[in-house]
Amino acid sequence: QVQLRESGPGLVKPSQTLSLICTVSGGSITTAYYYWSWIRQSPGKGLEWMGDIAYSGSTYYRPSLKSRTSISRDTSKNQFALQLSSVTPEDTAVYYCVGGEYRRSGAIGYRYFEVWGQGTLVTVSS
């Protein structure tokens, strides 16, 4: 029922900012306990979690990308966005937006990446 779709430019020049938007249908991004993530996949690194924004609006980032990454949301449009600054060719990847629930099992919390967008290829090249 929930569907996600990425949109944005497929080509970004080095040193510029990569910007993508994820549009969520069939469910609200403010639904309790759900997190909305950006994950990318490249031949060299495979799947890499970049960060997410929680139903509350709190954000979390991969430490190695934190300084360059910003995730935001527009609840009125049921969208969340990714901005990755100062890109290099190594940022070339298929970018996915992903939704899933944070669940607790005893004292341990787990993230489930349950719904994926189709992915969009972003190439960083001059």
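To be clear, the structure that these remarks concern was listed above.
Residues numbered from 1 in each chain as written. Predicted model: local features only at pLDDT ≥ 70, side-chain atom pairs only at ≥ 80, totals over all residues. Heavy atoms only, no water.

> Mind showing me how you'd approach the overall build of the protein chain here?
Scanning the protein chain from N- to C-terminus turns up 0 helices and 12 strands. For the protein chain, the N- to C-terminal ordering of α and β elements is β-β-β-β-β-β-β-β-β-β-β-β. Over its C-alpha atoms the protein chain spans a radius of gyration of 14 Å, differing by no more than 12% from the 14 Å that the globule rule assigns to 126 residues. Out of the 126 residues belonging to the protein chain, those deemed buried represent 35%. Considering only residue pairs separated by 6 or more positions, the protein chain has 54% of its internal contacts joining residues 24 or more positions apart. Surface accessibility of the protein chain: about 6,800 Å² in total, with carbon and sulfur atoms responsible for 50%. Charge separation in the protein chain, taken as the distance between the mean sites of 12 positive and 8 negative side-chain charges, equals 3 Å. (Helix = DSSP H or I, 4+ residues; strand = E, 2+ residues; numbered from the N terminus. Rg over C-alpha atoms; globule rule 2.2 N^0.38 Å. Buried < 20%, exposed > 50% of the residue type's maximum accessible area, 1.4 Å probe, protein only. Contact = heavy atoms within 4.5 Å. Areas by Shrake-Rupley, 256 points an atom, 1.4 Å probe, with all protein chains shown as cover. Lys, Arg positive; Asp, Glu negative; His and termini not counted. Charge placed at Lys NZ, Arg CZ, Asp CG, Glu CD.)

> Would you mind showing me how to read the pairing of strand β5 (residues 46-54) here?
Regular strands have side chains that alternate between both faces of the sheet. Bridge analysis of strand β4 (residues 34-42) against β5 gives 8 bridges, and the strand direction is antiparallel. From the neighbouring strand, Gln41 faces β5, where its bridge partner is Leu47. If you look at the hairpin formed by β4 and β5, you'll find 3 residues sitting between the two strands. As paired elements, β5 and strand β6 (residues 59-61) share 3 bridges and run antiparallel to each other. Residue Gly51 lies in a different strand from β6, and its bridge partner there is Tyr61. The antiparallel pairing of β5 with β6 creates a hairpin that spans 4 residues between the two strands, and Gly57 there sits at a positive phi of about 100°. (Pairing = 2+ DSSP bridges.)

> Would you take a moment to explain the packing of aromatic side chains for this structure?
Given two aromatic rings, their pairing is described by the distance between the two centres and the angle made by the two planes. Inspection of every chain in the model, using the stated rule, returns 8 aromatic pairs. Ring geometry for Tyr96 versus Trp116: centroids 5.4 Å apart, planes at 75°, classification edge-to-face. Here Tyr96, found in strand β9 (residues 93-105), pairs with Trp116, found in strand β11 (residues 115-116); they are 20 residues apart in sequence, far enough to count as distant. Connected via pairs of aromatic rings, a cluster forms that spans Tyr33, Tyr35, Tyr55, Tyr60 and Tyr102. If you follow Arg103 out to its NZ or CZ, it ends over the ring of Tyr112, 4.5 Å from the centre. (Phe/Tyr/Trp six-rings, centres within 6.5 Å; stacked < 30°, edge-to-face > 60°. Lys NZ or Arg CZ within 6 Å of the ring centre and 35° of its normal.)

> Explanation requested: the sheet that holds strand β3 (residues 18-25) in the structure shown.
Spatially, β1-β3-β8-β7 is the arrangement adopted by the 4 strands of the open sheet, whose pairing is antiparallel. Taken across any chain shown, the strands that pair with only one partner, and hence form the sheet edges, are β1 (3-7) and β7 (69-74). Strand-to-strand twist in this sheet, taken as the mean axis angle between neighbours without regard to direction, amounts to 20°. Examined bridge by bridge, β7 and strand β8 (residues 79-84) share 6 bridges and lie antiparallel to one another. (Axes fitted to C-alpha atoms, helices over the stretch in contact; angles between N-to-C directions.)

> Quick question: what am I supposed to make of a nonpolar patch on the surface here?
Residues Leu47, Phe113 and Trp116 make up a contiguous nonpolar surface patch of roughly 280 Å² in combined accessible area. Its location among the elements puts Phe113 in the loop between β10 (108-111) and β11. (Patch = residues over 30% accessible without salt bridge, like charges linked within 9 Å, V, L, I, M, F, W, Y side chains within 5 Å. Salt bridge = Lys/Arg side-chain N within 4 Å of Asp/Glu carboxyl O.)

> What is the right way to read the pattern of salt bridges from this model?
If the charged atoms of two oppositely charged side chains come close together, the side chains can form a pair. Under the defined criterion, the tally for this structure stands at 7 salt bridges. Arg62 serves as the salt-bridge partner of Glu48, at 3.3 Å between the closest nitrogen and oxygen. With Glu48 in strand β5 and Arg62 in the loop between β6 and β7, the pair connects residues that are 14 residues apart, well separated along the chain. A relative accessible area of 31% places Arg62 in the partly exposed class. The residue Arg103 makes a salt bridge to Glu114 at a minimum N-O spacing of 2.5 Å.

Read these as layout, nothing more, since geometry by itself doesn't imply function.
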